[in-house]
Amino acid sequence: MHLGKTLKPTSIYKFAISSVQLIKCYSTSSPTIFAVSSGQGKCGVAVIRISGPQSSSVLSEVAGLKKLPEPRKALLRRLRHPELNEILDQALVLWFPGPHSFTGEDSCELQVHGGTAVVSAVLGALATLPGLRPALPGEFTKRAFYSNKLDLTGVEGLADLIQAETEMQRKQALHQMEGALSQRYDQWRDRLKRCIAHVEAYIDFSEDQNIEEDILEETNKELKSLLQDMQRHLQDGRRGERTRDGVRTVIVGAPNVGKSSLLNALCDRPAAIVSSQPGTTRDVISTTLDIAGFPMVLSDTAGLRGNTSDLIEKEGILRAHQTVSSADLMLLVIDATHYQDMDPSQLYCADFWRFLQEYIKELGLEEAVAQCGNIKRIFGAPGEKSDLGNVCLVIFNKLDLIEDRTLINNVCEQYLDCVTAISCKQSEHLETVAGEIEILFRDSIGIPFLLCGNPTRENASLSQARHRYHLTASVAALSRYLEMSGNEREIDLAAYQLKQALNALGHITGHVSTEQILDVIFRDFCIGK
């Protein structure tokens, strides 16, 4: 994605820049850059950002200022072309002296009228000034990172904030951009640096008896505590990643049970073709929804059956199984009349699980459903719990075709957290489905199979697979150290594992240098006492 809404020469705002000037600008060690930061297209106001060592002179020349305005206070000025001296626009100008700016450099903003011609004219005028060039994608944010205005998690949070489409995505991205994750990781890094310093001191000075005897034991206790904190952070069931990317939800069931009707009902639009003819849906149809502020990627799939000779339908069924295998939430749709019309001797709630097992077997979903935590909790061994993971919601459809609903109601009441009944045709109880899904998303009642949760600054979740990868590597290195540290002969090799753990943490927020570790050694110990 393009952080900072940077402008390319191929943009709709076309202006002339000679190839010689571009080569000269790009060869400059710290060039001044400019770009439209408010997006492209016609709008009321367009913000043009300028950042770099020449920002003050650019502002003075274009806005006709004899002295720079007060920092962060808007000033109304006429903008003039630096070569032609013609008026380009009447605009608000703001001055942001470094380091108190977004990039940490001297910066300024020109808030011009957002018409295409106006923006093109101003950008063209800036391009005539020597030493200026258009910003590359994400370059403003990159400079903010190198100026220590943002760490890597903050940069990613900013990108997510720009892309956020739901309320929970916005909250999570804002917390991350403001440092909710980096504060935790920096604390872990500081603890780990202190431990490394203590271990290094033990290796170098223990034989001289100039160091506390129990320092290694105390350090290992601290490292065990740190390891537990990191492991708990990793065991979050991918909640933050789901909030960022969307909960992958798949509608599955036999042909003609109302899967496409359910998709359309939840979308509140005719996203899929609905027909009484079985096998209408052949491919996977996906759409993105906002469920109580949480993003959900909802997919409708082909009806699952094993006796079709249609090659296209077979391919659709294969794709359906592939979608199920990567889903976070499964909406398993059942024709209520099919259950109602069973042998009367079998129609009681205690046997619903047997019916469901047969239905799942017919669809070939035994393995997928077996991974669903709430199914295991309700129908598995008493008190059984599984890791946070996939969830299955069983939905009886076509309730409008049943006169006596006693049986269906009893099943829904007995398995309240897992089974619900609706009529897509009559739009009956659809709000119940949405409510059940919201409960699975939101941390409102402390359910054990939470899919997202409510983002908070105090308990920020992992939001990137990159974070999880490096944290996992850090945990693995810490575990190796604790295994090796019991043997004093291997303490040198064990210490290397700590440096590996520190390096892995550094990949998340930034890098840590050897000098930082040395500073801790001399601060915490009085060598030669």
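Everything numeric here is computed off the predicted structure, so don't read it as measured data.

**Q** I would appreciate a short explanation of the pairing of strand S10 (residues 329-335) in the present structure.
**A** On a regular strand, one side chain projects to one face of the sheet and the next to the other, so that they alternate. Counting buried positions along S10 gives seven out of seven residues, so the element sits mostly inside the fold. What you see with S10 is no split at all: Leu329, Leu331, Val333 and Asp335 on one side and Met330, Leu332 and Ile334 on the other are buried throughout. Relative to strand S11 (residues 391-397), S10 runs parallel, the two sharing seven bridges. What sits directly across from methionine 330, in S11, is cysteine 392.

**Q** It is not clear to me how the state of the cysteines should be interpreted in this structure. Could you clarify?
**A** Cysteine pairs can be linked by a disulfide, which is a covalent bond between their two sulfur atoms. One pass over the full model with this rule turns up zero disulfides. Between cysteine 418, a free cysteine, and cysteine 392, which holds the nearest cysteine sulfur, the sulfur-to-sulfur gap is 5.8 Å. Take cysteine 418: its relative accessible area is 0%, and that puts it in the buried class.

**Q** Just checking my understanding: could you explain the pattern of salt bridges for this structure?
**A** Think of it this way: side chains of opposite charge can pair up when their charged atoms draw near. Tallied over the full model, the rule gives 27 salt bridges. Among the ionic pairs, arginine 305 bridges to glutamate 313, the shortest N-O distance being 2.8 Å. Judged by relative accessible area, arginine 305 falls into the partly exposed class, the value being 30%. Overall, the relative accessible area of 4% leaves glutamate 313 in the buried class. A salt bridge links arginine 319 to glutamate 315; the shortest N-O distance between them is 3.1 Å. With arginine 319 and glutamate 315 both in helix H11 (residues 311-325), this residue pair falls four residues apart, about one helical turn. Overall, the relative accessible area of 36% leaves glutamate 315 in the partly exposed class. One network of salt bridges, in which partners are shared, links Glu105, Arg133, Glu139 and Arg143.

**Q** Explanation requested: the packing of aromatic side chains in the structure shown.
**A** One pair of aromatic rings is described through two measures. These are the centre distance and the angle between the planes. Scanning the entire structure with this criterion turns up ten aromatic pairs. Where tyrosine 339 meets phenylalanine 352, the ring centres are 5.8 Å apart and the plane angle is 90 degrees; that geometry is what we call edge-to-face. Here the residue tyrosine 339 occupies a position in helix H12 (residues 336-340), and phenylalanine 352 occupies one in helix H13 (residues 352-363), the gap between them amounting to 13 residues. Ring geometry for tyrosine 339 and phenylalanine 396: centres 5.5 Å apart, planes at 35 degrees, overall tilted. Of this pair, tyrosine 339 sits in helix H12 while phenylalanine 396 sits in strand S11; the two residues are 57 residues apart in sequence, bridging distant segments of the chain.

**Q** Help me understand the sheet that holds S11, please; the structure alone is not making it clear to me.
**A** Within a sheet, each strand pairs with its neighbour through backbone hydrogen bonds, oriented either parallel or antiparallel. Taken in spatial order, the six strands of this open sheet run S8-S9-S7-S10-S11-S12, and their pairing is mixed. In the strand order of this sheet, the two ends are held by strand S8 (285-291) and strand S12 (419-421), each with one partner. Averaged over all adjacent pairs, the angle separating strand axes in this sheet is 25 degrees, with direction ignored. Pairing between strand S7 (residues 247-253) and strand S9 (residues 294-300): five bridges, direction parallel. Along S9, the bridge assignment pairs threonine 249 with leucine 298.

**Q** Where do I start with the packing of helix H7 (residues 180-205) against helix H19 (residues 491-509) in this structure?
**A** Angle between the axes and distance between the axes are the two parameters that describe a pair of packed helices. Put simply, H7 and H19 touch, their axes get as near as 10 Å, and they point 160 degrees apart. Overall, the two elements H7 and H19 adopt an arrangement that is roughly antiparallel. In terms of crossing hand, the pair formed by H7 and H19 is left-handed. Of H19, the residues touching H7 (which contributes Ser182, Tyr185, Asp186, Trp188, Arg189, Leu192, Lys193, Ile196, Val199, Glu200 and Ile203) are Ile491, Asp492, Ala495, Leu498, Lys499, Ala501, Leu502, Leu505, Ile508 and Thr509.

**Q** Sorry if this is basic, but what is going on with the pairing of S7 here?
**A** Here S7 lies mainly inside the structure; six of its seven residues are buried. With five bridges connecting them, S7 and S10 associate as parallel partners. Paired with valine 252 across the bridge in S10 is leucine 332.

**Q** Teacher, can you tell me more about helix H4 (residues 139-146) here?
**A** Counting along an α-helix, one turn takes 3.6 residues, and residues three or four places apart therefore face a common direction. Buried within H4 we find Glu139, Phe140, Thr141, Arg143 and Ala144. The secondary structure elements touched by the buried residues of H4 are strand S1 (32-36), strand S2 (43-51), strand S6 (132-134) and helix H5 (152-163). Looking at the residues trailing H4, positive phi occurs at asparagine 148, about 65 degrees.

**Q** What is the right way to read empty space enclosed by the protein from this model?
**A** Where empty space is left becomes clear once a probe the size of a water molecule has been rolled over the atoms. One pass over the structure, following the stated rule, counts one cavity of 30 Å³ or more. Put simply, the largest cavity is a space of about 40 Å³. What lines the largest cavity is simply Val324, Ala327, Asp328, Leu329, Met330, Ala368, Cys372, Asn390 and Val391. For the lining of the largest cavity, a count of residues per class yields seven nonpolar, one polar and one charged.

What counts as what
Residues numbered from 1 in each chain as written. Predicted model: local features only at pLDDT ≥ 70, side-chain atom pairs only at ≥ 80, totals over all residues. Heavy atoms only, no water. Buried < 20%, exposed > 50% of the residue type's maximum accessible area, 1.4 Å probe, protein only. Helix = DSSP H or I, 4+ residues; strand = E, 2+ residues; numbered from the N terminus. Pairing = 2+ DSSP bridges. Disulfide = S-S within 2.5 Å. Salt bridge = Lys/Arg side-chain N within 4 Å of Asp/Glu carboxyl O. Phe/Tyr/Trp six-rings, centres within 6.5 Å; stacked < 30°, edge-to-face > 60°. Axes fitted to C-alpha atoms, helices over the stretch in contact; angles between N-to-C directions. Parallel < 35°, antiparallel > 145°, perpendicular 65-115°, else oblique. Left-handed = near helix turned anticlockwise from the far one by under 90°. Contact = heavy atoms within 4.5 Å. 1 Å grid on protein atoms, 1.4 Å probe; cavity = no way out; pocket = protein on both sides within 12 Å on 5 of 7 lines; lining within 4 Å. Points joined across faces, edges and corners; volume = space filled by probe spheres on them. Nonpolar A, V, L, I, M, F, W, Y, C, P; charged D, E, K, R; others polar.

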